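Here is what each chain is made of, one letter per residue.
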Amino acid sequence: MGQIIYDLAKSSIMKTGNNKELFIKEVIKASKTLLPHEKDNLTNWLFFFTADKPERQKWLYELLDKNILVS
């Protein structure tokens, strides 16, 4: 069941487009529902996913600065 939630979280984040509010909302929602090891996997995936998206990468670093993704 955990893998399904993890995959759903990734899918939801990918669908946010360039909307900062939606991106942040989906990442926060995922961080609240995932287990600690899944949250670590999500963080790693987010670095990969935003590697060629500088605007989203900036949003990701903002979330990391606020300790949103810390397990």
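One can find the structure itself at the top, above this paragraph.
From a predicted model like this one, the values you see are computed outputs, not experimental measurements.

1. Describing the overall build of the chain
In step 1: Tallying secondary structure elements over the chain gives four helices and zero strands in all.
In step 2: Whereas a compact globule of 71 residues would reach a radius of gyration of roughly 11 Å, the chain reaches 11 Å, a difference of no more than 12%.
In step 3: Dimensions of the chain, computed from the C-alpha atoms along their principal axes, are close to 30 × 25 × 20 Å.
In step 4: Counting every position in the chain, which comprises 71 residues, the buried fraction comes to 35%.
In step 5: Put simply, of all contacts in the chain between residues at least 6 apart along the chain, 63% involve residues at least 24 apart.
In step 6: As presented, the chain carries roughly 4500 Å² of accessible surface, and 57% of it is formed by carbon and sulfur atoms.

2. Some details on helix 2 (residues 20-33)
Residue pairs spaced three or four apart in an α-helix point in one direction, given the helix's 3.6 residues per turn.
In step 1: Taking 1.5 Å per residue, 14 residues should reach 20 Å; helix 2 reaches 20 Å between its end C-alpha atoms and fits that length.
In step 2: Considered for burial, the residues of helix 2 that qualify are Phe23, Ile24, Glu26, Val27, Ala30 and Ser31. For helix 2, the angular spread of buried residues about the axis comes to 165°, placing them on one side. Among the exposed residues of helix 2, those oriented more than 90 degrees off its buried face are Glu21, Lys25 and Lys32.
In step 3: The inward-facing, buried residues of helix 2 abut helix 1 (2-14), helix 3 (36-49) and helix 4 (54-65).
In step 4: With a side-chain oxygen positioned 3.1 Å from the backbone nitrogen of Glu21, the residue opening helix 2 is Asn19.

3. Quick look at the side chain of Thr50
In step 1: In this structure, Thr50 sits in the loop between helix 3 and helix 4.
In step 2: By relative accessible area, Thr50 is classed as buried at 0%.
In step 3: In contact with Thr50, other than residues within four places in its own chain, are Phe23, Arg56, Gln57 and Leu60.

4. Side note on the packing of aromatic side chains
In step 1: Taken as a whole, this structure holds three aromatic pairs when the rule is applied.
In step 2: With a centroid separation of 4.8 Å and an interplanar angle of 10°, the aromatic rings of Trp45 and Phe49 are classed as stacked. Linking Trp45 with Phe49, this pair stays in helix 3, spanning four residues, or about one helical turn.
In step 3: Taking the relative accessible area as the measure of exposure, Trp45 reaches 13% and is therefore buried.
In step 4: Phe49 sits in the buried class, given a relative accessible area of 12%.
In step 5: Here the basic side chain of Lys53 rests over the ring of Phe49, its NZ or CZ set 4.4 Å away from the ring centre.

What counts and what doesn't
- Residues numbered from 1 in each chain as written.
- Predicted model: local features only at pLDDT ≥ 70, side-chain atom pairs only at ≥ 80, totals over all residues.
- Heavy atoms only, no water.
- Helix = DSSP H or I, 4+ residues; strand = E, 2+ residues; numbered from the N terminus.
- Rg over C-alpha atoms; globule rule 2.2 N^0.38 Å.
- Buried < 20%, exposed > 50% of the residue type's maximum accessible area, 1.4 Å probe, protein only.
- Contact = heavy atoms within 4.5 Å.
- Areas by Shrake-Rupley, 256 points an atom, 1.4 Å probe, with all protein chains shown as cover.
- Expected span 1.5 Å × (residues − 1).
- Arc of directions from axis to C-beta.
- Polar contact = N/O pair within 3.5 Å; in protein donor to acceptor, adjacent residues only side chain to side chain.
- Phe/Tyr/Trp six-rings, centres within 6.5 Å; stacked < 30°, edge-to-face > 60°.
- Lys NZ or Arg CZ within 6 Å of the ring centre and 35° of its normal.

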